[in-house]
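# Coordinate inspection notes
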Amino acid sequence: MQNLTKIFIYLLRKYSPLRMFQIIEANKVFIKGKSLEFGAYKNQSKNFSSYLKGEKNFQYTNLKKDKKNNIQDANLNQKLKFKSNYYQNLVIFNVLEHLVNPTKSFKELNRILKKGGLLIGSTPFLYQVHGAPNDYLRFTTDYLI
């Protein structure tokens, strides 16, 4: 019943079905430690980190730096400027499909993630193409494994 109530609220907010189900699943994840979210919004309530449970020790990134909203610049198509083995959690919803070379990006994500840390995220699969600026891939379970 609780999920039905949430879905009704998200429908009123005009969230897509994809976003609704991503939020419901994010609500099930408990985190602790330093965390970094990729593809963050200036309106922090729209960031997926706001739906995770546990400690909220977040830094935020997007393609463009936004000092006012505490968002650092980070381009997953390039080497990341973050320390190795630093973050306990990396949050990356609706970002990987925009990368030209996700394999290279996964190596960088792995480099900055602590051993035993969590990579938390989702990519669209059966969902419309959405450029931001470009949309390149749809990931299957086989690809991600």
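Because the structure is a prediction, the values reported are computed rather than measured.

The next thing to look at is the overall build of the protein. Looking only at helices and strands, one finds four helices and seven strands in the protein. Helices and strands appear in the protein in the N-to-C order α-α-β-β-β-β-β-β-α-β-α. Principal axes of the C-alpha set define a box for the protein whose edges measure 40 × 35 × 35 Å. Taken across its 145 residues, the protein has 37% of its residues classed as buried. The long-range share in the protein, meaning contacts at least 24 apart out of those at least 6 apart in sequence, stands at 60%. A total accessible area of about 9100 Å² is found for the protein, and carbon and sulfur atoms account for 55% of it. Taking the average location of the 24 positive side-chain charges in the protein and that of its 9 negative ones, the two points are 6 Å from each other.

Bridge count for strand S2 (residues 34–37) against strand S4 (residues 57–62) is four bridges, and the pairing is parallel. Looking across to S4, one finds that lysine 34 is bridged to asparagine 57. Sheet topology note: the S4/strand S5 (residues 71–73) ladder contains three bridges and is parallel. Looking at the pairing, asparagine 62 lines up with aspartate 73 of S5.

So, about the packing of aromatic side chains. Applying the stated criterion across every chain yields a total of five aromatic pairs. Ring centres 4.0 Å apart and planes at 10° place the aromatic pair phenylalanine 48 and phenylalanine 93 in the stacked group. One end of the pair, phenylalanine 48, is in the loop between S2 and strand S3 (53–54); the other, phenylalanine 93, is in strand S6 (residues 87–93), and 45 residues separate them in sequence. For phenylalanine 48, a relative accessible area of 3% corresponds to the buried category. By the ring-pair criterion, three or more aromatic residues cluster together here, those being Phe48, Tyr51 and Phe93. Between the NZ or CZ atom of arginine 19 and the centre of the ring of tyrosine 15, over which it lies, the distance is 5.5 Å.

A cluster of nonpolar side chains, namely Phe8, Ile9 and Leu12, defines an oily patch on the protein surface of about 310 Å² accessible area. Mapped onto the elements of the fold, leucine 12 is located in helix H1 (residues 2–12).

What counts as what
Residues numbered from 1 in each chain as written. Predicted model: local features only at pLDDT ≥ 70, side-chain atom pairs only at ≥ 80, totals over all residues. Heavy atoms only, no water. Helix = DSSP H or I, 4+ residues; strand = E, 2+ residues; numbered from the N terminus. Buried < 20%, exposed > 50% of the residue type's maximum accessible area, 1.4 Å probe, protein only. Contact = heavy atoms within 4.5 Å. Areas by Shrake-Rupley, 256 points an atom, 1.4 Å probe, with all protein chains shown as cover. Lys, Arg positive; Asp, Glu negative; His and termini not counted. Charge placed at Lys NZ, Arg CZ, Asp CG, Glu CD. Pairing = 2+ DSSP bridges. Phe/Tyr/Trp six-rings, centres within 6.5 Å; stacked < 30°, edge-to-face > 60°. Lys NZ or Arg CZ within 6 Å of the ring centre and 35° of its normal. Patch = residues over 30% accessible without salt bridge, like charges linked within 9 Å, V, L, I, M, F, W, Y side chains within 5 Å. Salt bridge = Lys/Arg side-chain N within 4 Å of Asp/Glu carboxyl O.

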